[in-house]
Amino acid sequence: MPENTSIQVRDFEITTGNRSKSFENIVVALMIACSAVAIVVTIGIIFSLLFESINFFKKVPMSEFLFGTTWSPQTALRADQVGASGRFGAVPLISGTLLISFIAMCVATPLGLFSAIYLSEYAGNKTRSIVKPLLEILAGIPTVVYGFFAALTVAPLLRAGGEGIGLNVSSESALAAGVVMGIMIIPLISSLSDDVINAVPQSLRDASLGLGSTDSETIRRVILPAAIPGIAGSLLLAASRAIGETMIVVMAAGLAANLTANPLEAVTTITAQIVALLTGDQEFDSAKTLSAFALGLLLFAVTLILNMISLKIVNKYREQYD
Amino acid sequence: MSKTTSIIEAKDVDVFYGEKQALNGISLDIPENKVTSLIGPSGCGKSTFLRCINRMNDLVDICRVSGDIRISGQDIYAPEVDVVALRANVGMVFQKPNPFPKSIFENVAYGPKIHGLTANKAEMEELVEWSLRKAGLWNEVKDRLNETGTGLSGGQQQRLCIARAIAVKPRVILMDEPCSALDPIATAIIEELIDELRENFSIVIVTHSMQQAARVSQRTAFFHMGNLVESGNTKNIFTSPKDERTQNYITGRIG
Amino acid sequence: MTNMFTTPSRLRKARAAAERRFRWFGLIAIGISLTFLFVMVGSIILKGRGALSTSGIAIVVDLNPDNVDPNDVKGTRFDSLMKKSLRNTFPDVKSRKDKKKLYGLLSVDMGFELRDQILENPAILGGPQKLWFTASDDIDLLLKGAVDMSLAEDNRRISDMEAGWIDTLTAAGDTRRKFNAKFFTNGDSREPELAGILSALMGSILTLLVCFLVSFPTAILAAIYLEEFAPKNRLSAFIEVNINNLAAVPSIVFGLLGLAMLLNVFGLPRSTPLVGGLVLSLMTLPTIIIAARASLRAVPPSIREAALGMGASPVQATFHHVTPLALPGILTGTIVGMAQALGETAPLLMIGMVAFIADVPSSIVEPAAALPVQIFLWADASERAFVEKTSAAIIVLLVFLVLMNLLAIFLRKKFEKRF
């Protein structure tokens, strides 16, 4: 009978528990190891990029890579062929990357920001609950799909449109790739900015509205100035995303290393060249293959710096209102 | 007044949260098989003291405890002490009922299971029933032991937490304002229960309500601003407090 | 006397106009974004619809014992027999060039298709039989009405003569369109009418499997450590910075890591789901860790206190109580991460999962393609018929993504906040 279960007074034993401490230590060690994977991966990236890049810079001087304006990495089959050494000036790739990213930001910044403002300040709950997920679908669509759409639909459309008004638009124009990439990063900007705008304390809004400002005046004069650092952070993150984007430019921007600022011409990007250099059969120690790693290192360094700055800004901003 | 032995002896206990000192040299003996209540205004350190007894303060990074606390004569802050084993002997019931989101049976069985107190399923079932009966909950839940504990009413949840605590048969049960989230009827049931549990366990209860302290406890300690102002028989504290601050508190002038 | 509760009307109008303008900017921005979404998805669905059906042509094949020996069916020269049957159907065709066009009405697989039909149903042997065969890609487009016959003959891939043959066949009821099962049961092929996504789909599934098996346990343990155990020291802070940065590293850089480390240093087999999955798991790791930490943080501290107060060790409290409660959230984050990995292309190109793979892979160490890579390859192919294949493959990919996200939403809704 349970009622009879007496309280057996156990020894007041508090120095050993009934559990396997060594097992628990193993579990904790395993968890630490898993956390350290993040560090290992970072080190792995830096190490492999650096190592191959150093090999590359043994063959091609760094100054040519950073300041050369001709990119033609074709290495000849025979040593006595014309242009056997290839030219590895990355400037056209950098300018192409910046051009396309700039176009993308020009498209995404106003669209993303205004969407965020509308959703956080004007839209009712119902609209918000429908539109927000729809915008996020844009972020969920694989980039290869954007690339396909850019190459097959947007580029011909721009070309036809250009012809209509007497402009010569290249079939692999920077504009097509940039616009489509811009659409792709809209949700990134809108959702980050939305968070940032929502983090602005209600009291600031109330203060402004209480003084008789209209909604738009409140947004422009009070909320945006307060949210600017956070928004800047999200824009940097979006720019880093645009610079590192690969499939859209591979499929829609082509491989012509033109040094131009004309968005209607074809340009190529760092990422597109990496793909071109490394797909297909390769000799691993040729300058051509190694140059891909130097480009990778450049890309990694630039995006890392942008991400670090952006994270810093956003964290600082969060602290301010926490 | 009957002679009692002390189960907990605290001597010169200081607690710091970072730079801030939360307790100043508390020395207090807590008798065995009695209910001791810790009272005092908010922030006076009574909960902090309670949490020193089963070393829950260890979980707070910035918390530092010095001084000497002995249970059954053993220094619980000695380096060889396993906090986990200590807590198996010093149960705790929290302010807000916090049953695990599992079945009622599993809630009670969890402690005995991790501490290996039962040898087989039958013993476990017996122990669960005993604990639930002790907590006065058995008749209400015996037909739905497999339903989730979070589906019970607040008062039932708190009694489930008490059953869960006594299932490991600890020497001491610490209760941190166990009725503050409950309605008066549920509170009355818990108070009655506490009185019954005293037979088997030594109970330390932190409470905001002086009536509760008067109703359930035999001993009372009054805390104020991190100091132990006075302690003694509950009756004495409430009828003839020695210190002015105690007087003021129990008559409602501070707090 | 002016009413002190109204602004002068001129100013009021300007302010109201500014207000309206601002509202409209927002609406227009959302409108443009959503229009783009619908146009893109819509146009791909429209283009891809065609790939779900395939055209067939019925040809009379004489299966008498002279042509097909019933005792040695496999010894038959099926291709010649098919060509002969086509010549018999259109006996007027004489020149070599025209004959070649005639053979081109059917897929290059016509010989195998005949063999398979005979092996499946040997009863058809003995005499002339009218049998269905897959039309070639150009004829398929013609039958789907996707060829603009108003263009000059030189500017289209279908000559008037070919169109005439098809008209004759159609008039006799010998052409048909049916569901394109091959698209789902075949591997890749150089011939659009035979190309299917099964090899790529299997490749993607195997790759995701590897990715899941590696990233899920690693991420969950890392998240638990960082959220529940990690002391607030420099190492923990450094790990956090690393995770946040990795989440924003361009995917192609992970591909470079895979190429340099996994392939060249560790010598893992190129083009395989094993390497693909490993690379993708490194990429999804930060996503899952961040999501897992958020859901661990959402478990109320009272649960931890309850367990610890019972004398559970921190490891026990975490694994018995906190993690099970956070699991739905962790799973949701994992599914979202997996969905990202499923659509990822660039890193797979780096580790060589871009080769032409017609066979359906059956293990993680066989060369394989993946769905997004297949899309990339088909998008690059010159045959026009691959456009609709590409679009259809995109639809399949999107369907998988939608299903995964729905599962994630379902999990989130079902287990949302029970404490």
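See the structure printed just above.
Note that the structure is a prediction, hence the values are computed from the model and not measured.

A. Representation of the overall build of chain C. In terms of regular secondary structure, chain C is built from 16 helices and 3 strands. Taken against the 2.2 N^0.38 rule, which gives 22 Å for 419 residues, the C-alpha radius of gyration of chain C at 30 Å runs more than 25% over that of a compact globule. Summarising its shape, the C-alpha atoms of chain C cover approximately 90 × 80 × 40 Å along the three principal directions. Across chain C, the fraction of contacts at a sequence separation of at least 24, relative to all contacts at a separation of at least 6, is 76%.

B. Spatial organisation of the environment of Gln212 of chain B. Residue and element names in this part refer to chain B. Topologically, Gln212 is positioned in helix α8 (residues 210-216). The exposure class of Gln212 is buried, given its relative accessible area of 5%. Distance from Gln212 to Gly73, taken between C-alpha atoms, is 30 Å for residues 139 residues apart in sequence. Once you skip the residues sitting within four places of it in the chain, Gln212 turns out to touch Cys179, Thr187, Glu191, Ile205, Thr207 and Ser217.

C. Helix α4 (residues 125-140) of chain A, seen in detail. Between its first and last C-alpha atoms α4 of chain A spans 23 Å; for 16 residues at 1.5 Å apiece the expected length is 22 Å, and the two agree. Buried residues in α4 of chain A make contact with α3 (91-122), α5 (143-164) and α6 (174-199) of chain A together with α1 (9-49) of chain C.

D. Layout of the interface of chain C and chain A. Across the boundary between the two partners, chain C contributes 74 residues, which contact 78 residues of chain A. The junction of chain C with chain A conceals about 6,400 Å² of combined surface from both sides, 80% of it contributed by carbon and sulfur atoms. Seen at the junction of chain C and chain A, the total is 1 salt bridge. One salt bridge in this structure joins Arg15 of chain C and Glu217 of chain A, with 2.8 Å as the shortest N-O distance. Where chain C touches chain A, the interface holds 10 residue pairs in polar contact (both at pLDDT 80 or more). The element contributing the most residues to the side of chain C that touches chain A is α1 of chain C, with 22 residues. Of the residues in the side of chain C that touches chain A, the class split is 55 nonpolar, 14 polar and 5 charged.

Calculation criteria
Residue numbers here run from 1 along each chain, matching the order of that chain's written sequence. Throughout, the order in which chains and ligands are written sets their labels, letters from A for the former and numbers from 1 for the latter. Given that this is a predicted model, residues contribute local features only at a pLDDT of at least 70 and side-chain atom pairs are listed and counted only at 80 or more, while totals for whole chains, interfaces and linings are drawn from all residues. Side-chain metrics in this entry use all non-hydrogen atoms of the structure; hydrogen atoms and water are not considered. To qualify as a helix, a DSSP run of H or I must reach at least 4 residues; to qualify as a strand, a run of E must reach at least 2; elements of each kind are numbered from the N terminus. In this treatment the radius of gyration is a C-alpha quantity, and the globule benchmark scales as 2.2 Å times the residue count to the 0.38 power. Contacts are assigned to residue pairs that have any heavy atoms within 4.5 Å of one another. Each residue's exposure class comes from its accessible area (1.4 Å probe, protein chains only) as a fraction of the maximum for that residue type: buried when under 20%, exposed when over 50%, partly exposed otherwise. Expected helix span is computed as 1.5 Å times (number of residues minus one). Summed over both partners, the accessible area lost on bringing two parts together, with a 1.4 Å probe, is the buried area. Definition used for salt bridges: Asp or Glu carboxyl oxygen within 4 Å of a side-chain nitrogen of Lys or Arg. Two N or O atoms form a polar contact when they lie within 3.5 Å of each other; inside protein one atom must be a possible hydrogen donor and the other a possible acceptor, and for residues adjacent in sequence the pair counts only when both atoms belong to side chains. Classes in brief: Ala, Val, Leu, Ile, Met, Phe, Trp, Tyr, Cys and Pro nonpolar; Asp, Glu, Lys and Arg charged; the others, Gly included, polar.

Everything listed here is a matter of coordinates, which is why it stays silent on function.
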